[in-house]
Amino acid sequence: MKQSVKLVAGNWKMNGLGASLGEVERLKAELAGQAATCRVALCPPATLVARMAQLCDGGPIEVGGQDCRAEASGAYTGDIAAAMLKDAGAGLVILGHSERRQGYGETSALVLAKAEAALAAGLSPIVCVGETLEEREAGRAVEVVRGQVIQSLPLALAGHAFAVAYEPVWAIGTGLTPTLEQIEEVHRAVRAAMIERLGLGAADQPILYGGSVKPDNARDILAVAEVGGALVGGASLKAADFLEIIRAA
Ligand code: 13P
């Protein structure tokens, strides 16, 4: 595979107030002093998207949302439309995170509809997939992840920029990670499923690994074949930790 530029994205989840933008200013200042070796993105809670996008205007940090509704607008109290994220300055959106698949019963069919909405609004989706511990222990990790990729990626993504993030549910926020061999096995399966679904154009879109990525394991994980970047939760909240991960890419 052609070696493309990696994408290191931070998912702040439900963390961050206005004061947290100080971390972004620190990150921006550090990145300004060095040549870019990878793409960097931060996905804050919706309340911070506009402020962070303003702060990051002109680069190099890209800003994304953490979810969007499949519908373009309407009576959906509390929800956010892809066009609203775009309007606030986002360029990316995380979709189908396991915390939404599990906590809100989001199916791959819904994630697919959301990805279509994101695309229509001009956002580049980061579609998350990953097996539970039970599924891994039953030897079904590859089969489950493959199914999620095929069913969550709309055909309309062909020819567009997007990413898939492999996040084993049992590795999120636990400090546990798969072995490098297990990561490679799943990433190769994700790549094959992306190509099967969308054609050879999907060979260049990054597959991110997510789940307990930290400064001390990032270099090894990011060197695995078919790992095109990382989706980082807890370690993206502090500029110093996130910067170390960025420098490992
Ligand atoms: P942690 O890095 O905190 O394990 O979270 C990973 C994640 O869910 C990113 O989307």
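So, here is what we can say about the structure in this document. (Residues numbered from 1 in each chain as written. Predicted model: local features only at pLDDT ≥ 70, side-chain atom pairs only at ≥ 80, totals over all residues. Heavy atoms only, no water.)

### Structural notes on the pattern of salt bridges
What counts here: What makes a salt bridge here is a side-chain nitrogen of Lys or Arg within 4 Å of a carboxyl oxygen of Asp or Glu, nothing more. We count a stretch as a helix when DSSP gives it H or I for four or more residues in a row; a strand needs E for two or more, and each element gets its number in order from the N terminus. Residue exposure (1.4 Å probe, protein chains only): buried if accessible area is under 20% of the type maximum, exposed if over 50%, otherwise partly exposed.
Taken as a whole and assessed by the stated rule, the structure comprises 15 salt bridges. Linking Glu23 and Arg26 is a salt bridge whose minimum nitrogen-to-oxygen distance equals 2.9 Å. Taken as a pair, Glu23 and Arg26 lie in helix 1 (residues 21-32) at a separation of three residues, close to a single helical turn. Judged by its relative accessible area of 48%, Arg26 is partly exposed.

### Side note on the site of the ligand
Test applied: Proximity is defined per residue: if any heavy atom of the residue lies within 4 Å of a molecule or strand, that residue is considered near it. Polar contact criterion, stated in full: a pair of N or O atoms within 3.5 Å, where within protein one must be able to donate a hydrogen and the other to accept it, and residues adjacent in sequence count only if both atoms are side-chain atoms. Each accessible area is a Shrake-Rupley result for a 1.4 Å probe, and residues are judged covered by the shown protein chains and nothing else. Under the scheme applied, nonpolar residues are Ala, Val, Leu, Ile, Met, Phe, Trp, Tyr, Cys and Pro; charged residues are Asp, Glu, Lys and Arg; polar residues are all the others, including Gly.
Every one of the 13 residues lining the ligand counts as a neighbour, but Lys13, His97, Glu167, Gly173 and Ser212 are closest to it. Contacts to the ligand include Lys13, whose side-chain N or O atom sits 2.8 Å from an oxygen atom. A distance of 2.9 Å separates an oxygen atom of the ligand from a polar atom in the backbone of Gly234. When the ligand is considered free in solution it has 310 Å² of accessible area, and contact with the protein chains removes 96% of it. Residue composition of the shell around the ligand, by class: four nonpolar, seven polar and two charged.

Shape is all these values report; function is a separate question.
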